[in-house]
Amino acid sequence: MTNQHPPSSTSPDHPVRLVRTFPRFSVSQRSEHAVFLLCIAILLLTGLPQKFNTSTWSQAIISSPARLNLFQQIHHITALVLSALVLYHLGKAIYLIARRKLPGDMLPTFQDVKDAWNMLLYLIFIKKQKPAFGKFNFEQKVTYWFLFFSVGIMIVSGFIMWFPDVVTRLLPGGVIPGAIMAHSTEAIVTTIFVILWHFYHVHLERLNLSIFSGWLNEEDMHSYHSLEYDQLIHKANTDQDPGEIKS
Amino acid sequence: MRSVSRHLFLYLIGVILIGSITVLHFATEANAATIEQTSQNNIQQQGLPNVTSAEPIVSNDTCLGCHGQPGLTMTLLNGEILGLYVNPDVYSASIHGKDGYACVQCHTNLGEYPHPLFTATNLRDATLRLTNLCDRCHSGEYNLTMDSVHYDKLAIGIKEAAVCTDCHGSHDVRQWIDPKTLEILPEARLSIPATCSKCHNAIYQKYRTSVHGAALTDEANSDVPTCIDCHGVHNIGNPTTAEFRLKSPELCAGCHTNPTLMDKYGISTNVLNTYVADFHGTTVTLFQKQSPDAQTNKPVCYDCHSVHDISRVDDPKTGIDMQQNLLVRCKVCHPDATSNFPSAWMSHYIPSPDHYSLVYYVNLFYKFFIPAVLGFMLAMVGLDVGHTAYVKTRRGKHHLQPTSTEVQPETELESSTLPPASAGSGDQPAQPENIEIKLARGEQSELNKPPEQSDQAENKEQPQKDDQSENPDEQVTRE
């Protein structure tokens, strides 16, 4: 009951509607997303001009060695912040696994492949019913795991590029140009992915701000996460505890 | 007596008239001759300066009458002795001698004897004064030298800086340009480094042993660059500036991207694009375009290949094809570099399964991965957009009425089946622990209406969904 709107101010003149909201993301998850979003935005803004250095727009931005140096420094600092965030995220996951408390909602399952297939069939009008999703549908899992591995590649290749002389003590030199190639190309893939896939699903398909607010309203809960919704309602109905409602 | 003097007067007038007419006639003829000579001379110049018609051209034989005798000298103010002897054979072998130029066409002020006073403090001073004479015909080149590093040094008082005659000689000026192609004659190319070595001997000795210099000197190969191909001819710039450094890859690329020249020696012409594609070259190219005077430590060609003592890359002692030789260069900027480090630079290779296969396969992976990801996402998003659009238009056609009526039973349900929220928490349908209650006031509930409606409409599209029983739970409206 983190998000309460008590009807204290209701007056008989105004009809009041009771809207149930479902907590979806914890404060920690929301702040992780916010930091991640900021990092990715800064990294792309400072990284893409360096990749497309032959284009005029990029050359207008990186007009001098001093400017390039500034861009690289911002890029490096942000990369460190992002690395810290990833370490925090992984550390938390390991902690939860160790305590057998990791909610497995985000783990990919075979059901997701089936869901994606059924969704495809639904979208091409073969099936009349959308597949029912749990807390995270296959689209959200794709988003998470795609970015998980992209960021992994970006961080690893980025540090290889950053410290070539350290890396080549252990690995052959060809790793460096390989990392450069992977870093700059993966950045493009990530950009395309975020804009085309993630932005579409959270802005255009429906405006889903639950990652910022932390909660999802009942309509969205019902139509996009019906399995989780049913589960919650069912659970609530089975262990009825009237005292829990504090409204 | 009077008639005799009158006749003499008339006679004198006649002689003067006839004399002046003949003089004028010859003078114009001489002018025409010089203009012809100029047009024959292929060096693109303004016409030769008008040899003043009042003064007749003094023939070279007249000058050589004195200056053709060895040992003719004059003592300058500081006691140095300026030789005034001109070897007639040397002069007639020179390009000016061959083309029949007269001494006084350069030494315009020496047409009379006794010559005007020449006061040079020392020999160098004499050279600097006399070199101005070149400007009269070769002002194009002369002006170019004003932009040169030599002239800059001269201007700040370094008198040793080279002027025209230091490189070209004075009375022995050779033909260096092919009059037909206007290119430097191959045999002239061979003597260029030696010319520069008169002052820059230390650099010449390095060049002499380089892959270029050795080919020029030992094999008389005129394909290789001489000093002027990199440094320029008359407007020789300062090669120690940041600008020169950033521009230098273009200099090397001038020959090294020329397939007709490189194929003769089996040298790759991909050296520039592979350099530019790599991070060092990328940065240098960027700076060169955006801020050409920027200082950068990013390596240019000569940082690895050396400046004047460029050796073959497969030279066992110095060739940078050998990783340990290249490592020395790397360590200039990367002091912690170890033996694996040099291979981080792709050695002008284009990644292929044989060379830098990791880069090649990473690139190959993305060539398939990007279209695959893009295709999958575009397909899913596109289908989703299409589906939504179709559903919306269909609903618009068939269910304009039902959407409005559908609200009706719901409100009935809300008001009839559900107790008001104020009736007490105990009467409400049980809420799970993690479900929050949000009470919106009238205006907010109005705002929330449209999504509800669309949601319900969507639910109507899917009759299997058993949400009819759930729907009333979604809102509890009360007065």
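Just so it is clear, the model here is predicted, and its values are computed rather than measured.

Turning our attention to the overall build of chain B. When helices and strands are tallied, chain B shows 23 helices and 4 strands. In chain B, which comprises 479 residues, the proportion classed as buried is 18%. In chain B, of all internal contacts separated by at least 6 residues, the share reaching a separation of at least 24 is 56%.

Attention now moves to the overall build of chain A. Within chain A one finds 10 helices and 2 strands. Its helices and strands in sequence order give chain A the pattern β-α-α-α-α-α-α-α-α-β-α-α, from N to C terminus. Evaluated residue by residue, chain A yields a buried proportion of 31% over its 247 residues. Sequence-distant contacts, at least 24 apart, represent 66% of the contacts inside chain A between residues at least 6 apart.

Let us now look at unusual backbone geometry. Residues and elements named next belong to chain B. Omega for the bond connecting Tyr 113 with Pro 114 falls within 30 degrees of zero, at 5°, which places this linkage in the cis form. Within the element layout of this structure, Pro 114 appears in the loop between helix H5 (103–106) and helix H6 (123–130). Of note, the phi angle at Ser 347 is positive, near 50°, even though the residue is not glycine. Take Ser 347: it is sitting in the loop between helix H19 (323–333) and helix H20 (357–398). The residue His 348 is not glycine, and still its phi comes out positive at about 65°. Structurally, His 348 is set in the loop between H19 and H20. Residue classification places His 348 among the partly exposed positions, given that 18 C-beta atoms sit within 10 Å.

Below, the discussion takes up the nonpolar core. Taken as a class, soluble globular proteins show a tendency for nonpolar side chains to be buried jointly. Ranked by internal contacts, the top residues of the largest apolar core, which has 21 residues, are Ile 160, Val 175, Ile 176, Ala 179 and Met 181 of chain A together with Val 359 of chain B. Every element with two or more residues in this core is listed here: helix H7 (175–204) of chain A together with H19 and H20 of chain B. For this core, the element with the most residues is H7 of chain A, which contributes 6 residues. In this structure, Met 181 of chain A is in contact with Val 359, Val 362 and Asn 363 of chain B, ignoring residues within four places of it in sequence.

As a further point, take helix H4 (residues 110–123) of chain A. Residue and element names in this part refer to chain A. With 14 residues, H4 should cover 20 Å at 1.5 Å per step; its first-to-last C-alpha distance of 20 Å lies within 8% of that length. Listed in full, the buried residues belonging to H4 are Asp 112, Asp 115, Met 119 and Leu 123. Viewed end-on, H4 has its buried residues packed into an arc of 65°, placing them on one side of the element. Of the residues in H4, the exposed ones pointing more than 90 degrees away from the buried face are Phe 110, Val 113 and Lys 114. The first or second residue beyond H4 is Phe 125, which carries a positive phi of 65°.

Take the environment of Thr 274 of chain B next. All names here are of chain B. Tracing the backbone through its elements, the reader meets Thr 274 in helix H16 (residues 271–277). Through-space distance from the C-alpha of Thr 274 to that of Ile 350 is 6.7 Å; in sequence the pair is 76 residues apart. The residues contacting Thr 274, other than those within four sequence positions of it, are Met 346, His 348, Tyr 349 and Ile 350.

On to the packing of helix H14 (residues 242–256) of chain B against helix H17 (residues 279–290) of chain B, then. Residues and elements named next belong to chain B. Orientation of H14 relative to H17, taken along the N-to-C sense of each, is 115°, at an axis distance of 9 Å. Classified by the angle between their axes, H14 and H17 sit roughly perpendicular to one another. By crossing handedness, the relation of H14 to H17 is classed as left-handed. Every residue of H17 that contacts H14 at Leu 246, Lys 247 and Pro 249 is listed here: Gly 281, Val 284, Phe 287 and Gln 288.

A few words now on the environment of Asn 132 of chain B. All names here are of chain B. Within the fold, Asn 132 resides in the loop between H6 and helix H7 (139–146). Given 11 C-beta atoms within a 10 Å radius, Asn 132 is considered exposed. Between the C-alpha atom of Asn 132 and that of Tyr 142, which follows or precedes it by 10 residues, the distance is 8.5 Å.

Residue and element names in this part refer to chain B. In this model, chain B carries an average pLDDT of 76, and 71% of its residues clear a pLDDT of 70 or more. Here residues 30–54 scores under 50 on pLDDT; set against residues more than four positions off or in separate chains, the count is 24 contacts. Model confidence for the complex: the whole-complex pTM is 0.70, and ipTM, which rates the interface, is 0.80.

Given a rise of 1.5 Å per residue, 12 residues ought to cover 16 Å, and the 16 Å separating the end C-alpha atoms of H17 of chain B matches this to within 8%. Along H17 of chain B, the residues that are buried comprise Gly 281, Thr 283, Val 284, Thr 285, Leu 286, Phe 287, Gln 288 and Gln 290 of chain B. Looking at the buried residues of H17 of chain B, the elements they touch are helix H2 (56–61) and helix H3 (65–98) of chain A together with H14 and H16 of chain B.

All names here are of chain A. For the pair helix H1 (residues 27–51) and H7, the least separation of the axes is 11 Å and the interaxial angle reads 125°. As far as their axial angle goes, H7 and H1 are oblique. When the axes of H1 and H7 are compared, the crossing they make is left-handed. In contact with Leu 44, Gly 47 and Lys 51 of H1, H7 contributes Ser 184, Ala 187 and Thr 191. Here the contact of H1 with H7 is built from residues that sort into 2 nonpolar, 3 polar and 1 charged.

About the cut-offs
For every chain, the first residue of the written sequence is number 1, and numbering continues from 1 along that sequence. Whichever chain is written first becomes A and whichever ligand is written first becomes 1, with later ones labelled in order. The predicted origin of the model limits local features to residues at a pLDDT of at least 70 and limits the giving and counting of side-chain atom pairs to 80 or more, whereas totals for whole chains, interfaces and linings rest on all residues. Strands here mean DSSP runs of E at least two residues long; helices mean DSSP runs of H or I at least four residues long; both are numbered from the N terminus. Remark: C-beta atoms are placed from the backbone, and a residue is labelled buried if 20 or more other C-beta atoms sit within 10 Å of its own, exposed if 12 or fewer do, or partly exposed between those counts. We call two residues in contact when the distance between their C-beta atoms, placed using the backbone, is within 7 Å. One nonpolar core equals one set of buried Ala, Val, Leu, Ile, Met, Phe, Trp, Tyr and Cys residues connected by C-beta atoms within 7 Å. Expected span, for any helix, means 1.5 Å times one less than how many residues it has. Taking the helix axis as origin, the arc is that swept by the directions to the C-beta atoms. Here, axes are lines fitted to C-alpha atoms. For helices the fit covers the stretch in contact, and angles between N-to-C directions go from 0 to 180 degrees. Angular relationships are summarised with four words: roughly parallel below 35 degrees, roughly antiparallel beyond 145, roughly perpendicular across 65 to 115, and oblique for the angles in between. Crossings are assigned a handedness: left-handed for a near helix turned anticlockwise from the far helix by less than a right angle, right-handed for a clockwise turn. pLDDT measures how confident the predictor is about each residue, on a scale from 0 to 100. The classification used treats Ala, Val, Leu, Ile, Met, Phe, Trp, Tyr, Cys and Pro as nonpolar, Asp, Glu, Lys and Arg as charged, and all other residues, Gly among them, as polar.

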